[in-house]
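Results of the structural survey
Below, each chain spelled out in residue letters.
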Amino acid sequence: MTEDRSNFITVTQGSLWFAVMYWWNKEYNGFWEPWDTGYGRYATKEEAIVEAKEWAEDIGVRYVEAE
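Everything in this summary refers to the structure shown in the same document. Values in this document were obtained by computation on a predicted structure and should not be read as measured data.

Looking at the pattern of salt bridges
What the rule picks out here adds up to 2 salt bridges. Residue glutamate 3 is joined to arginine 5 by a salt bridge in which the shortest nitrogen-to-oxygen separation is 3.5 Å. Its relative accessible area of 62% is what places glutamate 3 among the exposed residues. For aspartate 4, the salt bridge identified is with arginine 62, shortest N-O distance 3.4 Å. Placement of aspartate 4 in the segment before β1 (8–13) and of arginine 62 in strand β4 (residues 62–63) is noted, with a sequence separation of 58 residues between them. Since its relative accessible area comes to 34%, aspartate 4 is described here as partly exposed. Note on arginine 62: relative accessible area 21%, which makes it partly exposed.

Some details on the environment of tyrosine 22
Along the chain, tyrosine 22 falls in strand β2 (residues 17–25). In the structure, tyrosine 22 is positioned 15 residues away from threonine 37 in sequence and 9.0 Å away in space, judged by C-alpha atoms. Contact partners of tyrosine 22, with chain neighbours within four places excluded, come to Asn7, Phe8, Thr10, Trp32, Glu33, Pro34 and Trp35.

What about the nonpolar core?
In this structure, Ile9, Val11, Trp17, Ala19, Met21, Tyr42, Ala48, Ile49, Ala52, Trp55, Ala56 and Ala66 together form the largest nonpolar core, which totals 12 residues. Only β1, β2 and α1 (45–59) provide two or more residues apiece to this core. It is α1 that contributes the most residues to this core, 5 residues altogether. In contact with tryptophan 17, not counting residues within four places along its chain, are Val11, Thr12, Gly40, Arg41, Tyr42, Ala43, Thr44, Lys45 and Ala48. Ranked by size, the runner-up nonpolar core spans 6 residues in total, among them Phe8, Tyr22, Trp24 and Trp32.

What counts, and at which threshold
- All residue numbers refer to positions counted from 1 along the written sequence of the respective chain.
- Two thresholds apply to this predicted model, a pLDDT of at least 70 for residue-level local features and 80 or more for giving and counting side-chain atom pairs, whereas whole-chain, interface and lining totals are computed over all residues.
- Side-chain metrics in this entry use all non-hydrogen atoms of the structure; hydrogen atoms and water are not considered.
- Think of a salt bridge as a Lys or Arg side-chain nitrogen and an Asp or Glu carboxyl oxygen that are within 4 Å of each other.
- Note on classification: 1.4 Å probe, protein chains only; a residue is buried when its accessible area is under 20% of the maximum for its type, exposed when over 50%, partly exposed between these limits.
- Where helices and strands are cited, they refer to DSSP runs of H or I of at least four residues and of E of at least two residues respectively, numbered from the N terminus.
- We call two residues contacting when some pair of their heavy atoms lies within 4.5 Å.
- Definition of nonpolar core: a set of buried residues of the types Ala, Val, Leu, Ile, Met, Phe, Trp, Tyr and Cys, connected through side-chain atoms within 4.5 Å.

Set out below in structure tokens:
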């Protein structure tokens, strides 16, 4: 993970794929914490990426490719 501690959006998978925004929580020596999720749930990662990139662009934060 980069040293850039600004909020970012990526995708992750539960039962389905979805977009998620993370923020840097400074408590307990700092850790990345989910802040909010996108509205959609998708069968494929590629579908979730479309929403994640649009969301990131709309609010002016970076999109980070999921590992």
